[in-house]
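A closer look at the structure
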Amino acid sequence: MIPCIFNLGTGEIIIILVVVLLLFGAKRIPELARGMGKGIRAFRQGMNDVTDELNRPGDGKES
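What comes next concerns the included structure.

Right, let's talk about the packing of helix α1 (residues 10–24) against helix α2 (residues 28–55) for a bit. Where α1 contacts α2, the axes come no closer than 9 Å and their chain directions differ by 105°. By the angle between their directions, the pair α1 and α2 is classed as roughly perpendicular. In this structure, α1 contributes V20, L21 and F24 to the contact, and α2 contributes R28, I29 and L32. When its residues are assigned to classes, the contact of α1 with α2 shows 5 nonpolar, no polar and 1 charged.

Listed below in C-alpha cells is the structure:
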C-alpha cells in the first residue's frame, strides 16, 4: 500500500479523481489546475514580500 496525504489509500484517491473528472469534465481540469498554480504562485510571492519586509533592517528611526 502506498502512503498518501491525509491517510487516504489508493482506492479513495482514484474515486476522488473520477468524481472530479465527472463534475468538471476533461477540458476544464487543466484550466482549473493552471488557475490553482497561479494562485499558489501569487500567495508564495506575497509571503516572500512580507518576509523580506520584516527582515529588512530599519532606517535608523525608531518610533
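Text resumes after the structure shown.
The next point concerns a nonpolar patch on the surface. Where nonpolar side chains cluster on the molecular surface, the patch consists of I15, I16, V19, V20, L23, F24 and L32 and spans about 610 Å² of accessible area. In terms of residue count, α1 provides more of the nonpolar patch than any other element does, 6 residues in total. We classify L32 as partly exposed; its relative accessible area is 33%.

Tallying each qualifying case throughout the model produces 2 salt bridges. A salt bridge links R28 to E31; the nearest nitrogen and oxygen atoms lie 3.7 Å apart. Here R28 pairs with E31, and both are found in helix α2, just 3 residues apart, close to one helical turn. With relative accessibility at 42%, the residue R28 sits in the partly exposed group. Residue classification places E31 among the partly exposed positions, given a relative accessible area of 43%. One salt bridge in this structure joins E53 and R56, with 3.2 Å as the shortest N-O distance. The class for R56 is exposed, based on a relative accessible area of 51%.

In this section: α1. Between its first and last C-alpha atoms α1 spans 21 Å; for 15 residues at 1.5 Å apiece the expected length is 21 Å, and the two agree. Immediately beyond the C-terminal end of α1, within one or two residues, lies G25, with a positive phi of roughly 85°.

Calculation notes
- Each chain has its residues counted from 1, running along the sequence as written.
- Side-chain atom pairs in this predicted model are given and counted only at pLDDT of 80 or more, local residue features only at pLDDT of at least 70, and totals for whole chains, interfaces and linings cover all residues.
- Side-chain measures were taken over the full set of non-hydrogen atoms in the model, leaving aside hydrogen atoms and water.
- Structural elements are reduced to axes, namely lines fitted to C-alpha atoms, with helices fitted over the stretch in contact, and the angle between N-to-C directions of any two is expressed from 0 to 180 degrees.
- Only DSSP runs of H or I with at least four residues qualify as helices, and only runs of E with at least two residues qualify as strands; both kinds are numbered from the N terminus onward.
- Orientation categories follow fixed angle ranges, with anything under 35 degrees roughly parallel, anything over 145 roughly antiparallel, 65 to 115 roughly perpendicular, and all other angles oblique.
- Any pair of residues with heavy atoms lying within 4.5 Å of one another is described as a contacting pair.
- Note on residue categories: nonpolar means Ala, Val, Leu, Ile, Met, Phe, Trp, Tyr, Cys or Pro, charged means Asp, Glu, Lys or Arg, and polar means any other residue, Gly included.
- Only residues above 30% relative accessible area that lack a salt bridge enter a patch, with like-charged residues linked at up to 9 Å and the nonpolar side chains Val, Leu, Ile, Met, Phe, Trp and Tyr linked at up to 5 Å.
- Only the protein chains shown count as covering a residue, and every accessible area follows the Shrake-Rupley method with a 1.4 Å probe.
- Throughout this description, the term salt bridge denotes a Lys or Arg side-chain nitrogen within 4 Å of a carboxyl oxygen of Asp or Glu.
- Summary of the burial criterion: residues with accessible area below 20% of their type's maximum are buried, those above 50% are exposed, and those between are partly exposed, where the area comes from a 1.4 Å probe applied to protein chains only.
- To estimate the expected span of a helix, subtract one from its residue number and multiply by 1.5 Å.

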